[in-house]
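Structure at a glance
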Amino acid sequence: MKFDTRAVHAGGEPDAETGAVAPPIHLSSTFRHSPEGPRGDELLYQRSDNPTQQRLETALAALDGAENALFFGSGIAACAAALQMLPGNGRLVVQTDCYNGFQAQVRHFAERWGWRVDWVDLADPAAAEAALREPAQLVWAETPSNPLLRLVDLPKLAELSHAAGALLLVDGTFATPALQQPLALGADVVLHSATKYMGGHSDVLGGVLCFAKDGTAAHNARVARELVGLHASPFAAWMVLRGLRSLGCRIERHSRNAAKVATFLESHPAVGAVHYPGLASSPWHELAKAQMRDFGGMLSIQLRGGKEAALKVAGALQLFVNATSLGGCESLVEWRRGVEGKTPRSPEDLLRISVGLEDPDDLIADLSQALDKVSA
Ligand code: PLP
């Protein structure tokens with residue numbers, strides 16, 4: 001079955017009891033079990049597992065081609081579980097331009113727990129190769145990356161990671177399984193913030209780990225969810241399952257809109273650089289064509305007028321909302337440095353844009369009036 005068909009049907013069988021076509025939400029915190037305790041696949045307690053989450057995980061595994069999928073209370077909770085899925089004290093190779101919340105997590109926890117952490121530009125094949133001449137336990141990649149939309153060559157990185165004895169984890173939040181299938185390209189684990197495109201409406205938090213093999217790493221991540229309390233509510237699981245139904249067609253429209261917006265931005269004199277892998281001028285275009293089905297709804301720009309121009313444009317936009325996050329129906333803009341805390345890493349002149357599902361002509365008109373205010 002093709003992706004869009006799986007997205008509509010996986011985990012969506014009519015309710016066995018009532019025939020309801022929309023999946024029910026089971027809010028029960030506890031489940032009746034045999035006097036001796038739960039037997040076979042009897043459920044015990046919502047934090048360990050629950051029927052709504054089970055439906056969602058069936059769908060998530062089907063969409064990423066995984067043997068096992070786990071749902072969490074947020075993307076960062078999925079990151080925390082992933083850090084606890086391995087014995088620890090080993091070597092962790094982390095992409096330099098990965099999600100800044102995960103970077104903070106590594107600095108606060110992984111380094112304190114005795115991991116040896118090496119920050120490597122994994123989008124640079126030579127740097128990846130040099131770093132993985134030494135053994136490692138886990139390689140953490142993000143593609144496309146945030147906020148510069150750089151790409152990692154996944155088949156190549158999978159080969160290097162495995163030769164170093166490491167598992168390869170790919171944060172595929174920006175692409176979603178609709179556009180990129182890291183497990184089929186050799187990765188061992190895929191992470192998504194379901195808060196973004198999977199939920200799709202800026203109204204739910206969730207995180208996902210999908211495992212190529214249902215082995216020890218998956219087991220340990222499940223144990224971490226239960227014992228550290230990284231779980232989601234059944235309502236959040238239901239919301240994300242609902243979002244997955246329309247993921248394929250939303251992503252198609254996000255991608256089409258972003259391509260039009262990126263082409264417009266590239267032609268505007270106030271814009272010095274547009275980072276979007278769908279543009280023929282992007283250094284990542286050929287790789288994106290090889291490992292993605294389309295180019296997605298995220299892009300960033302750098303303004304010729306520097307920080308002042310970036311802030312002026314962000315303030316002048318009327319349709320784009322100044323807000324963090326991405327992947328919802330509405331278009332968002334963000335001066336990334338403003339949310340990166342004490343160690344900002346985005347260029348001062350950069351605006352990140354999550355292109356929504358509005359009519360692209362209206363988006364372009366809004367960008368045009370704002371950019372014209374900073375043009376010479
Ligand atoms: N990974 C990426 C690429 C993200 O952009 C984010 C959040 O912005 C996360 C992970 C964390 O997800 P959440 O906000 O759902 O905890």
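Residues numbered from 1 in each chain as written. Predicted model: local features only at pLDDT ≥ 70, side-chain atom pairs only at ≥ 80, totals over all residues. Heavy atoms only, no water.

The strand order β1-β7-β6-β5-β4-β2-β3 describes an open sheet built from seven strands, whose pairing is mixed. Each having just a single partner strand, β1 (68–72) and β3 (116–120) make up the two edges of the open sheet. For this sheet, the mean angle separating the axes of adjacent strands, direction not counted, is 20 degrees. Bridge analysis of strand β2 (residues 91–95) against strand β4 (residues 138–142) gives three bridges, and the strand direction is parallel. Across the sheet, Val93 pairs through a bridge with Val139, a residue of β4. Taken strand by strand, helix α3 (residues 75–83) contacts β1, β2, β4, β5 (167–171), β6 (189–193) and β7 (207–211), and its axis lies near 40 degrees from that of β7. Where helix α4 (residues 100–110) meets the sheet, its contacts fall on β2, β3 and β4, and the angle it forms with β3 comes to roughly 155 degrees. (Pairing = 2+ DSSP bridges. Helix = DSSP H or I, 4+ residues; strand = E, 2+ residues; numbered from the N terminus. Axes fitted to C-alpha atoms, helices over the stretch in contact; angles between N-to-C directions. Contact = heavy atoms within 4.5 Å.)

What follows covers the nonpolar core. Among the nonpolar cores identified, the biggest contains 91 residues, and Phe71, Leu265 and Leu299 are the most heavily contacted of them. Ranked by size, the runner-up nonpolar core spans 31 residues in total, among them Ala110, Leu169, Ala217 and Ala218. (Core = buried A, V, L, I, M, F, W, Y, C linked by side-chain atoms within 4.5 Å. Buried < 20%, exposed > 50% of the residue type's maximum accessible area, 1.4 Å probe, protein only.)

Attention now moves to the site of the ligand. Taken together, Ser74, Gly75, Ile76, Tyr99, Glu142, Asp171, Thr173, Ser193, Thr195, Lys196 and Gly206 make up the full set of residues near the ligand. One of the side-chain nitrogen or oxygen atoms of Ser193 is found 2.8 Å away from an oxygen atom of the ligand. One nitrogen or oxygen atom from the side chain of Lys196 is found 2.9 Å from an oxygen atom belonging to the ligand. Considering the ligand on its own, with 400 Å² of exposed area, one finds that the protein chains cover 91% of that surface. (Near = heavy atom within 4 Å. Polar contact = N/O pair within 3.5 Å; in protein donor to acceptor, adjacent residues only side chain to side chain. Areas by Shrake-Rupley, 256 points an atom, 1.4 Å probe, with all protein chains shown as cover.)

Moving on: the packing of aromatic side chains. Inspection of the entire model under this criterion finds three aromatic pairs. Relative to Trp140, the ring of Phe102 has its centre 3.6 Å away and its plane inclined at 10 degrees; by these criteria the two rings are stacked. With Phe102 in helix α4 and Trp140 in strand β4, the pair connects residues that are 38 residues apart, well separated along the chain. Phe102 gets classed as buried once you look at its relative accessible area, which sits at 1%. Centre to centre, the rings of Phe109 and Trp113 are 5.6 Å apart; their planes meet at 40 degrees, and the pair counts as tilted. (Phe/Tyr/Trp six-rings, centres within 6.5 Å; stacked < 30°, edge-to-face > 60°.)

Taken as a whole, the chain shows an average pLDDT of 97; of its residues, 100% reach a score of 70 or greater. Per-element confidence in the chain ranges from a low mean pLDDT of 94 for α4 to a high of 99 for β7. (pLDDT = per-residue confidence, 0-100.)

Let us look at the sheet that holds strand β8 (residues 271–275). Strands sit in the order β8-β9-β12-β11-β10 across an open sheet of five strands; the sheet is mixed. Where the open sheet ends on each side, the last strands, each with one partner, are β8 and β10 (321–322). As paired elements, β10 and strand β11 (residues 332–334) share two bridges and run parallel to each other. Counterpart to Val321 in the pairing with β11 is Leu332.

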